[in-house]
Amino acid sequence: MKEEKKAILQKYIQENDLDSLVSISDIEIKEFNGSPLMEEEKKALAKFREARVKKLTKEKNKENKFNEKFEYYRTISNLIDYRDILNGNFAV
């Protein structure tokens, strides 16, 4: 992961309470368990997935770039609150 993106993630982590955070991964687990999702959770999940696919598809012929971006999206799916993704407070 590039240093710039690491810095953005570190700043986000420092400024937010990680115990109250609901991540994209949390929503995916809820979905996989068959629990109903709130409408905003569905929207955040769709927004994240669309951005991830779009970025990763661009890099499919450049393996190192692809792996770097895949790792970035895996990281933010675990650390960023879905509401910040949905509202555009954290760019995906």
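Details of the structure are given in the entry above.
So, how was this worked out
- Residues numbered from 1 in each chain as written.
- Predicted model: local features only at pLDDT ≥ 70, side-chain atom pairs only at ≥ 80, totals over all residues.
- Heavy atoms only, no water.
- Helix = DSSP H or I, 4+ residues; strand = E, 2+ residues; numbered from the N terminus.
- Buried < 20%, exposed > 50% of the residue type's maximum accessible area, 1.4 Å probe, protein only.
- Contact = heavy atoms within 4.5 Å.
- Salt bridge = Lys/Arg side-chain N within 4 Å of Asp/Glu carboxyl O.

Draft legend 1. Seen up close, the environment of Lys 30. Secondary-structure assignment places Lys 30 in helix H2 (residues 24-32). When its relative accessible area of 27% is taken as the criterion, Lys 30 is described as partly exposed. Expressed as a C-alpha distance, the spacing of Lys 30 and Ala 44, which sit 14 residues apart in the sequence, is 13 Å. Sequence-distant contacts of Lys 30, defined by excluding residues within four places in its chain, comprise Ser 35, Pro 36, Leu 37 and Glu 41.

Draft legend 2. Geometry of the pattern of salt bridges. This model, assessed by the stated rule, comprises seven salt bridges. With a shortest N-O distance of 3.5 Å, Arg 49 and Glu 28 are connected by a salt bridge. A residue pair is termed long-range when its members are at least 10 positions apart, and Arg 49 in helix H3 (residues 39-58) and Glu 28 in helix H2 qualify at 21 residues. For Arg 74, the salt bridge identified is with Glu 71, shortest N-O distance 2.6 Å. Taken together, the residues span about one helical turn, with Arg 74 and Glu 71 both in helix H4 (residues 63-79) at a distance of three residues. Accessibility expressed as a relative area gives 29% for Glu 71, which makes it partly exposed. Here the salt bridges share partners, and the residues they tie into one network are Glu 28, Glu 31 and Arg 49.

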